[in-house]
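# Structure assessment
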Amino acid sequence: MRIVQAASRLGEDSRQARRRALGAAWVDAEEEIRRAVPPDGEYLLVDGGAERQGATLFLRYQLAPRRARFAGRLSEVVESPRWVASLPAGPRWVVVAYPGRPPVLVDRSALPRWLKGKLGRR
Amino acid sequence: MVAAEALAGLAGVALFAVPGAGLAEILPAVRALRPGRHLAYAWLLGVAWTAGMLYALSHLLAVPLRPPAILAVAGAPVAAGVVSWLRRRHLRSLAAPVHALRLWEWAVVAVCAVISLAVLCEALTQPVLDWDGWMTWAAQARYVRHEGTVDASVLTRKGWYITHPWYPLLLPVAQVAVLETTRADWDDPAFRPLYAAFFPVWLLVVYGGARELAGRAAAGWTTLAAALLPCPAFELSGGAISAYSDLPLACFYGGGLALLLAPRLRPSAGLAAGILLAAAALAKAEGAALAPAAFVFAGLYSFSRWRRCRRHWRPLALAALPLVLALVLLFSWRAGIPERFESYEKIVSWSLLWPGLLTRAPRIAARAGVEMKSFTEWGIFWWTVPLVLAAGWRGLRRRATLPLLLAAAAPLGIAWISYTISLTPEFIIRTSWNRFLVQASVPLLLLLSLALASLLRGAAGLSPARARLARSRLRGRSTPA
């Protein structure tokens, strides 16, 4: 069956294979992040799910060699202004990884507003 | 898959196969192996040499992991192999005689080839979709490739989000070698066939070792059983379609051990086994324990034959040399990496070790049993193995049984200890037990082949003594008067 499947995928390049396997929306979101953060750049990575769901591990690999600093889990944010103030200095971009849906890119300066909207809905 | 990407992936396989062929040519004991086994060992030696040397050159001499260095490292054994071949081409070949395959053996070869092809197709058409590939092996490879060194800043400086930064980098370096040589894009999975190639190599290592120990028929049936196991081929968490390091570790560990258990151990076989065990030590964290363990088990086996063959110390010394060098490299590289074990401190507690080794054992065994009974991962393999071993116990009355048994038990022993000290044993067993079984697979399958050989003799109506008698009579008949 796998051989037949492979034959049916003749002509599909690795980009198309990624869109098929990961979903077009996911790949589009990831490409947007790649355009914003250069390969030798860095970003803050926030986990929008639970640890064992592995969303940050998956996204970190897809964005590598861009270097990530882990900023924590959205579910653990109690007071967003204090949490934002405690984030490591440096990276301009914050990337939020979700299990099963596309990642979100947030400019650090817009993070308090984004969090307010996000946590307000929680 | 488009042709260019498929070709890049296959070129990545050739990047290790060609220098491996050179090494197999200059090592007489490997050169003399039968074609299938020769091919498997050549591939393993190629990966061990190319990735191992690049690892050492990058760490010790700061050589950049770029095409000139990669091609030079891969080219050196090719040149040596060509010179060796040119020098001995007029001499009589010492290669093992090739026997024609019987019909049922062709059927086994066909099954193995189709499954290997299916694994390769999966590797060529799917991106990396497995947990450890994302978390460790393929992620580390991207960082190492970007900076061109195994001492990448994300590993050597604190603060970056990285998992298991102290895991050895042999396979990530092999990935980098493929990706750099083929000038692959970041998303191009050109390295995936490298992992897929370990599946037929694993089968050939099992077949070759089993044939040496148990004969053709038992080797054939054992290899067929191995080929039909879903887990080593298609399991996304550790099979050949993933980017996990467990199957490569199984090949290096089992392949090195099988070479050392040869009845007449030659110095070049010792050196080849040492290179494979060195690769085992650099392939995965537990490899640093398993490789020396395999060396000790094989050493005990050799010393038990001391009276017959007093020259065994030389091959063993040659086997020890690359292994010791690999361990020195590993510890030197790890010394520069902070936060080596902090990620584990959250999930393990050594205070649980005693009496947990005993008190937790029933729970661990029960959970491990659930994994082994999974039909989708193992079929009926673990139901039949105890039956075959019990029924064919006479076949296990061999000198090689003890080192094989110890070598099969070693990865499972590491698993038992790690589950005992784990704070989340259920989760860890569920995610790792099958992989420990894969690591133990080669010695385990060789034991199975010994038992199977006894059963096949029994089925043919021959006791071992009768079989020996029949063979000697046959020899007597064929001897000219």
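See the structure above.
Predicted model, so just to flag it, every value in this text is computed and none were measured. (Residues numbered from 1 in each chain as written. Chains lettered and ligands numbered in written order. Predicted model: local features only at pLDDT ≥ 70, side-chain atom pairs only at ≥ 80, totals over all residues.)

### Topic: the overall build of chain B
Rules: For the purposes of this entry, the term helix denotes a DSSP run of H or I that reaches at least four residues, the term strand denotes a run of E that reaches at least two, and both are numbered from the N terminus. When we talk radius of gyration, it's over C-alpha atoms, and the globule rule is simply 2.2 Å times the number of residues to the 0.38. Partly exposed residues are those whose C-beta has more than 12 but fewer than 20 other C-beta atoms within 10 Å; with 20 or more the residue is buried, with 12 or fewer it is exposed, and the C-beta atoms are placed from the backbone. A pair of residues counts as a contact when their C-beta atoms, built from backbone coordinates, are separated by no more than 7 Å.
In terms of helices and strands, chain B carries 25 helices and zero strands. Against the compact-globule benchmark of 23 Å for 481 residues, chain B has a radius of gyration of 22 Å, which places it among compact chains. Along the longest, intermediate and shortest principal axes, the C-alpha atoms of chain B span 80 × 65 × 45 Å. Among the 481 residues that make up chain B, the fraction classed as buried is 51%. Look at the contacts in chain B between residues 6 or more apart in sequence, and 82% of them connect residues 24 or more apart.

### Quick look at the packing of helix α3 (residues 35-61) of chain B against helix α8 (residues 170-181) of chain B
All names here are of chain B. Which entries qualify depends on this criterion: Every axis in this analysis is a line fitted to C-alpha atoms, fitted for helices over the stretch in contact. Angles between the N-to-C directions lie between 0 and 180 degrees. When describing relative orientation, an angle under 35 degrees is termed roughly parallel and one over 145 degrees roughly antiparallel, while 65 to 115 degrees is termed roughly perpendicular and anything else oblique. In this count, Pro and Cys sit with the nonpolar residues alongside Ala, Val, Leu, Ile, Met, Phe, Trp and Tyr, while Asp, Glu, Lys and Arg are called charged and the others, Gly among them, polar.
The geometry of α3 relative to α8 is characterised by a closest axis approach of 9 Å and an angle of 95° between their N-to-C directions. Taken together, the axes of α3 and α8 lie roughly perpendicular to each other. For the pair α3 and α8, the contacting residues are Val 47, Thr 50, Ala 51, Gly 52, Leu 54 and Tyr 55 in the first and Leu 170, Val 173, Ala 174 and Ala 177 in the second. Across the contact of α3 with α8, the residue classes break down as eight nonpolar, two polar and no charged.

### Some words on the packing of helix α10 (residues 198-214) of chain B against helix α24 (residues 441-459) of chain B
How two helices pack is summed up by the angle between their axes together with the distance between the axes. Residues and elements named next belong to chain B. Convention followed: Throughout, a crossing is termed right-handed when the near helix is turned clockwise from the far one, and left-handed when it is turned anticlockwise from it by less than a right angle.
Interhelical geometry of α10 versus α24 gives an angle of 40° and a closest axis separation of 9 Å. Looking at the two axes, α10 sits oblique to α24. Classified by chirality, the crossing of α24 by α10 is right-handed. Across from Val 205, Val 206, Gly 209, Ala 210, Leu 213 and Ala 214 in α10, the residues of α24 making contact are Val 442, Leu 445, Leu 446, Ser 449, Leu 450, Leu 452 and Ala 453.

### Here we look at the sheet that holds strand β1 (residues 42-47) of chain A
All names here are of chain A. Quick note on the threshold: Criterion used throughout: strands pair if DSSP finds at least two bridges between them.
On the basis of which strands lie adjacent, the open sheet formed by four strands has the order β2-β1-β3-β4 and mixed pairing. The open sheet is flanked by β2 (67-73) and β4 (101-107), the only strands paired with a single partner. This sheet shows a mean twist of 25° between the axes of neighbouring strands, independent of strand direction. Sheet topology places β1 next to β2; six bridges connect them, and they run parallel. Opposite Leu 45, over in β2, you have Phe 70 as the bridge partner. Along the sheet face, helix α3 (residues 24-36) touches β3 (93-98) and β4 and points at about 25° away from the line of β4. Against the sheet, helix α4 (residues 55-63) makes contact with β1, β2, β3 and β4, and its axis sits at roughly 125° relative to β3, the strand it touches most.

### Some details on the interface of chain B and chain A
Interface size is often expressed as the accessible area that is lost when the parts come together. Every contact between the two is made by 28 residues of chain B and, on the other side, 26 residues of chain A. Looking at the side of chain B that touches chain A, the elements with two or more residues in it are α5 (103-125) and α6 (131-147) of chain B. With eight residues, α6(B) is the single largest residue contributor to the side of chain B that touches chain A. Here the residues of the side of chain B that touches chain A are counted per class, giving 18 nonpolar, five polar and five charged.

### A few points about the pairing of β1(A)
Residue and element names in this part refer to chain A. Spelled out, the test is: A clockwise course of the path from the first strand over the helix to the second, judged with the strands pointing away from the viewer, identifies a crossover as right-handed.
The buried fraction of β1 is high, at six of six residues. Following the backbone out of β1, through α4 and into the adjacent parallel β2, one traces a crossover that is right-handed. The pairing of β1 with β3 spans four bridges and is parallel. Following the sheet pairing, Leu 44 is matched in β3 by Val 94.

### Comments concerning the nonpolar core
Residues and elements named next belong to chain B. Stated precisely, the cut-off is as follows: Any nonpolar core is a set of buried residues, restricted to Ala, Val, Leu, Ile, Met, Phe, Trp, Tyr and Cys, that join up through C-beta atoms within 7 Å.
Residues Val 173, Ala 272 and Leu 277 are the most contacted members of the largest nonpolar core, which totals 182 residues. The greatest single-element share of this core, amounting to 14 residues, is contributed by α3. Setting aside chain neighbours within four positions, we find Leu 277 in contact with Phe 252, Gly 256, Ala 291, Ala 294, Phe 295, Ala 319 and Leu 323.

### Observations regarding unusual backbone geometry
Leaving glycine out, the prevailing phi sign among residues is negative, and the prevailing peptide bond configuration is trans. A cis amide bond, omega 15°, links Ala64(A) with the succeeding residue Pro65(A). Tracing the backbone shows Pro65(A) in the loop between α4 and β2. Note the cis peptide between Trp354(B) and Pro355(B), where omega equals 5°. You can see Pro355(B) is positioned in helix α18 (residues 353-359). Look at Ala62(B): it is not a glycine, yet its phi comes out positive at around 55°. If you trace the backbone, Ala62(B) turns up in the loop between α3 and α4 (67-88). In this structure Ala62(B) comes out as exposed when scored by C-beta crowding, with 11 C-beta atoms within 10 Å.

### Quick notes on the environment of Ala407(B)
Residues and elements named next belong to chain B. Counting through the fold element by element, Ala 407 comes out in helix α22 (residues 401-420). The sequence separation of Ala 407 and Pro 443 amounts to 36 residues, and the corresponding C-alpha distance is 6.2 Å. Look past the residues within four positions of Ala 407 in its chain and what remains in contact with it is Leu 257, Ala 294, Phe 297 and Pro 443.

### Side note on the pairing of β4(A)
Residues and elements named next belong to chain A. Where β3 and β4 come together, five bridges link them in antiparallel fashion. Residue pairing across strands places Val 95 opposite Leu 105, the latter belonging to β4. In this structure, the hairpin formed by β3 and β4 is closed by a connection of two residues, where Gly 100 is found at a positive phi of approximately 80°.

### What about α22(B)?
Residues and elements named next belong to chain B. Applied cut-off: Helices are assigned an expected span. That span is 1.5 Å times one less than the residue count. A residue's bend is given by the angle between axes fitted to the 7 residues ending at it and the 7 residues starting at it.
Over its 20 residues, α22 extends 28 Å from the first C-alpha to the last, a length consistent with the 28 Å expected when each residue adds 1.5 Å. Ala 410 marks where α22 bends most, by close to 30°; the proline Pro 411 follows one to four residues later. Those residues of α22 that sit buried are Pro 403, Leu 404, Ala 407, Ala 408, Ala 410, Pro 411, Ala 415, Tyr 419 and Thr 420. In the core, the buried residues of α22 are packed alongside α13 (246-260), α15 (287-304), α18, α19 (361-372), α23 (425-439) and α24.

Geometric descriptors of this kind do not, in isolation, establish any biological role.
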